[in-house]
Protein chains: 2
Amino acid sequence: MTLSTGKVAKLAGVNVETLRFYEREGILPEPPRRASGYREYPPETVELIHFIKRSQELGFSLKEVKELLSLRKVPRRASKKATTLVDAKLAEIDLKLRDLRSMREALESLRCACASNGSSSACPIIESLSGRSESEEPG
Amino acid sequence: MTLSTGKVAKLAGVNVETLRFYEREGILPEPPRRASGYREYPPETVELIHFIKRSQELGFSLKEVKELLSLRKVPRRASKKATTLVDAKLAEIDLKLRDLRSMREALESLRCACASNGSSSACPIIESLSGRSESEEPG
DNA sequence: GTACACCCCGTACGTTGGTACGGAGTCAAC
DNA sequence: GTTGACTCCGTACCAACGTACGGGGTGTAC
């Protein structure tokens, strides 16, 4: 069972044009075609697109998503390259996690501070992510 | 002690034009000016820009960053609006956290799978974020 | 008092990530 | 065998987020 562009788009909640765009950009693999030229997508495509969209919302660019996706089919006895890339992505994710947690705490305390907290507090939300940006080392 | 555009830009690791752009967009507050028209930034501006950049890397748009920043100066006995916004942002962050953790696990298991794992495994990385996207409820 | 780095502004250009258009072919149903 | 929804493709357009240009004023060090 395969899906047409329209079906995939609908199921994945994206525009048909987006599928073509992703295909052009090499993010979606080219699906097989009928004699007529119509694309026939495997159903997993829908999950794939969910993954792409969600990754974007986590701050990954399409280029990075492509990298992440490339990790799927590492040929078993994985290249060192792949492992290195995985490690890099893990580090990136850990940093994001740390910052998100930090931001979360700040927001949480902000909500409380709305009620309590007399005056003149340094802003927790700015503080939550400041002071390092790129320059913090993982090790 | 105040900072010129050039100083701020250098310290924050962004282009001078970016500062002007953020100002135009209302993300950076307009700094005081000298008689000559030169901007005089308070030093916190640097932290502010770090915050902005980092927030973007966490998948927030400039519009969303603006919202986040607006939460700084809720007028003590905070408006319901502010609290609502905070709650919305918290939910957003929680979703991001969940997905990042999930993605992290998948990558972790991918790295192991490179060594072990005989054949024909469903791809963990796609699975990690698929199956819901928007449609998952928090409660 | 001028040299050189720095700042001003408006405007144009560039990249990323799509969206829309529109003419033509296809498919399923009637 | 024609209607109407769907697909094809190329190309143009769009919004978000900057980045570059270029002509002119400023500041300060010699």
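As shown above, the structure is provided for reference.
A brief look at the structure comes next. (Residues numbered from 1 in each chain as written. Chains lettered and ligands numbered in written order. Predicted model: local features only at pLDDT ≥ 70, side-chain atom pairs only at ≥ 80, totals over all residues. Heavy atoms only, no water.)

**Focus on helix α3 (residues 44–57) of chain B**
Here is the rule we go by: Comment: elements are numbered from the N terminus, with helices defined as DSSP H or I runs of at least four residues and strands as E runs of at least two. Under the convention used throughout, the expected extent of a helix is 1.5 Å for every residue step, that is, one less than its residue count. Accessibility here uses a 1.4 Å probe with only protein chains present; expressed as a share of the type maximum, an area under 20% marks a residue as buried, one over 50% as exposed, and anything in between as partly exposed.
The terminal C-alpha atoms of α3(B), which comprises 14 residues, lie 20 Å apart, in line with the 20 Å expected from a rise of 1.5 Å per residue. Among all positions in α3(B), only Thr45(B), Val46(B), Leu48(B), Ile49(B), His50(B), Phe51(B), Ile52(B), Arg54(B) and Ser55(B) are buried.

**Comments concerning the protein's contact with DNA strand C**
Rule in force here: One heavy atom suffices: a residue is near a molecule or strand as soon as one of its heavy atoms comes within 4 Å of it. A 3.5 Å cut-off defines polar contacts: any pair of N or O atoms within that distance qualifies, except that in protein one atom must be a possible hydrogen donor and the other a possible acceptor, and neighbouring residues in sequence count only when both atoms are side-chain atoms. Ten residues, namely Ala, Val, Leu, Ile, Met, Phe, Trp, Tyr, Cys and Pro, are considered nonpolar, four, namely Asp, Glu, Lys and Arg, are considered charged, and the remaining ones, Gly among them, are considered polar.
The full set close to DNA strand C counts 20 residues, and Tyr38(A), Lys53(A), Gln56(A), Ser4(B) and Arg39(B) are the nearest of them. Sugar and phosphate atoms form 73% of the subset of DNA strand C atoms that lie within 4 Å of the protein. Within the backbone of Gly6(B), a nitrogen or oxygen atom sits 2.9 Å from a phosphate oxygen of DNA strand C. Take Arg39(B): an N or O atom from its side chain is 2.7 Å from a phosphate oxygen of DNA strand C. Secondary structure elements with two or more residues in the surface near DNA strand C: α2 (16–24) and α3 (44–57) of chain A together with α1 (5–12) of chain B. Of all the elements, α2(A) adds the most residues to the surface near DNA strand C, at 4 residues. Taken together, the residues that form the surface near DNA strand C break down as 5 nonpolar, 9 polar and 6 charged.

**Describing the pattern of salt bridges**
Quick reminder of the rule: Throughout this description, the term salt bridge denotes a Lys or Arg side-chain nitrogen within 4 Å of a carboxyl oxygen of Asp or Glu.
A complete count under the given rule lists 20 salt bridges over all chains for this structure. Notably, a salt bridge pairs Arg54(B) with Asp99(A), separated by 2.2 Å at the nearest N-O pair. Pair noted here: Arg54(B) is in helix α3 and Asp99(A) is in helix α5 (residues 80–115), and the two residues belong to different chains. It is possible to trace a salt-bridge network through shared partners that takes in Glu64(A), Glu67(A), Lys89(A) and Glu92(A).

**Structural notes on the protein's contact with DNA strand D**
Taken together, 20 residues lie around DNA strand D, and Ser4(A), Arg39(A), Tyr38(B), Lys53(B) and Gln56(B) are the ones closest in. Close to the protein, within 4 Å, the atoms of DNA strand D are drawn from sugar and phosphate at a rate of 71%. With respect to DNA strand D, the side chain of Tyr22(B) contributes an N or O atom lying 2.9 Å from a phosphate oxygen. With respect to DNA strand D, the side chain of Lys53(B) contributes an N or O atom lying 2.7 Å from a phosphate oxygen. Going through the elements one at a time, α1 (5–12) of chain A together with α2 (16–24) and α3 of chain B are the ones with two or more residues in the surface near DNA strand D. The biggest single contributor to the surface near DNA strand D is α2(B), with 4 residues. Of the residues that constitute the surface near DNA strand D, the class distribution is 5 nonpolar, 9 polar and 6 charged.

**A word on the nonpolar core**
The condition that has to hold: Side-chain atoms within 4.5 Å are what join buried Ala, Val, Leu, Ile, Met, Phe, Trp, Tyr and Cys residues into a set we call a nonpolar core. It only takes one pair of heavy atoms within 4.5 Å for two residues to be counted as in contact.
Within the largest apolar cluster, 68 residues are counted, with the highest numbers of intra-cluster contacts made by Leu107(A) and Phe51(B). Counting residues per element, this core draws most heavily on α5(A), which supplies 10 residues. If near-sequence neighbours (up to four positions away) are discounted, Phe51(B) is found in contact with Met103(A), Ile125(A), Ile126(A), Ser128(A), Leu129(A), Val65(B), Leu68(B) and Leu69(B).

**Looking at the packing of aromatic side chains**
Each pair of aromatic rings is reported with the distance of its centres and the angle of its planes. Residue and element names in this part refer to chain A. Here is the rule we go by: A pair of aromatic rings is counted whenever rings of Phe, Tyr or Trp (Trp by its six-membered ring) have centres within 6.5 Å, and the orientation is called stacked for planes under 30 degrees apart, edge-to-face for over 60 and tilted otherwise. In this scheme, the term charge over a ring applies when either NZ of a lysine or CZ of an arginine sits within 6 Å of the ring centre and within 35 degrees of the ring normal.
Counted by the stated rule, this structure contains 2 aromatic pairs over all chains. Ring centres of Phe 21 and Tyr 22 lie 6.0 Å apart, and the angle between their planes is 50°; this geometry places the pair in the tilted category. Between Lys 96 and the ring centre of Phe 60, over which it is positioned, the NZ or CZ distance is 4.6 Å.

**Points about the packing of α3(B) against helix α4 (residues 62–70) of chain B**
Residue and element names in this part refer to chain B. Using the following cut-off: A fitted line through C-alpha atoms serves as each axis, taken over the contacting stretch for helices, and the angle formed by two N-to-C directions is quoted from 0 to 180°. Oblique is the label for any angle not under 35 degrees, not over 145, and not in the 65 to 115 range, which are roughly parallel, roughly antiparallel and roughly perpendicular in turn. Helix crossings are classified by the rotation of the near helix relative to the far one: an anticlockwise turn of less than a right angle makes the crossing left-handed, while a clockwise turn makes it right-handed.
Contact pair α3 / α4: the axes reach a minimum separation of 10 Å and the direction vectors enclose 130°. Classified by the interaxial angle, the pair formed by α3 and α4 is oblique. The crossing of α3 and α4 is right-handed. Seen from α3, the contacting residues are Leu 48, Phe 51, Ile 52, Ser 55 and Gln 56; seen from α4, they are Leu 62, Val 65, Leu 68 and Leu 69. Of the residues assigned to the contact of α3 with α4, the class counts are 7 nonpolar, 2 polar and no charged.

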